[in-house]
Amino acid sequence: MSVEHHDLIHEFPELKDRIHELKVSDGHFRNLFEEYHELTRSVENMENEVTPASTRTEEEAKMRRVHLKDELYRMLIAG
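Residues numbered from 1 in each chain as written. Predicted model: local features only at pLDDT ≥ 70, side-chain atom pairs only at ≥ 80, totals over all residues. Heavy atoms only, no water.

## What to know about the pattern of salt bridges
Thought 1: This structure, assessed with the given rule, holds seven salt bridges.
Thought 2: Of the charged contacts in the structure, one is a salt bridge between E35 and R64, with a shortest N-O distance of 2.8 Å. Separated by 29 residues along the polypeptide, E35 in helix α3 (residues 27-47) and R64 in helix α4 (residues 55-78) bring together distant segments of the chain.
Thought 3: On the accessibility criterion, E35 (31% relative accessible area) is partly exposed. (Salt bridge = Lys/Arg side-chain N within 4 Å of Asp/Glu carboxyl O. Helix = DSSP H or I, 4+ residues; strand = E, 2+ residues; numbered from the N terminus. Buried < 20%, exposed > 50% of the residue type's maximum accessible area, 1.4 Å probe, protein only.)

Here it is as structure tokens:
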């Protein structure tokens with residue numbers, strides 16, 4: 001099964017420079033960015049069945065990732 005990439009650069013390629021800028025200059029953004037990417041790796045492992053998880057656990061992780069992505073996006077376009 002092919003798993004989609006959900007890292008922020010794939011999600012928002014037009015904001016690549018802004019992502020880098022905020023990772024360097026904003027500790028809160030950097031923490032959320034790191035949490036988002038850890039969660040993305042976790043979800044990908046669940047989807048690839050590397051890490052066994054219930055459907056509920058996987059769906060909850062995906063919802064948390066969506067909320068993080070929304071928050072990160074708001075920060076990206078606010079500047």
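## Some points on unusual backbone geometry
Thought 1: In this model, E49 sits at a positive phi of 60°, which is unusual for a non-glycine residue.
Thought 2: Turning to its location among the elements, E49 is positioned in the loop between α3 and α4.

## A short note on the nonpolar core
Thought 1: Ranked by size, the top nonpolar core spans 17 residues in total, and within it L8, I19, F29, F33, L72 and L76 carry the most contacts.
Thought 2: Mapped onto this core, the elements with two or more residues apiece are α2 (16-25), α3 and α4.
Thought 3: No other element matches α3, which puts seven residues into this core.
Thought 4: When sequence neighbours within four positions are dropped, the list of residues in contact with L72 reads L8, F29, L32, F33 and Y36. (Core = buried A, V, L, I, M, F, W, Y, C linked by side-chain atoms within 4.5 Å. Contact = heavy atoms within 4.5 Å.)

## Considerations on the packing of aromatic side chains
Thought 1: For the structure on display, the rule yields two aromatic pairs.
Thought 2: With centroids separated by 6.2 Å and ring planes inclined at 25°, the aromatic side chains of F29 and F33 adopt a geometry described as stacked. With F29 and F33 both in helix α3, this residue pair falls four residues apart, about one helical turn. (Phe/Tyr/Trp six-rings, centres within 6.5 Å; stacked < 30°, edge-to-face > 60°.)

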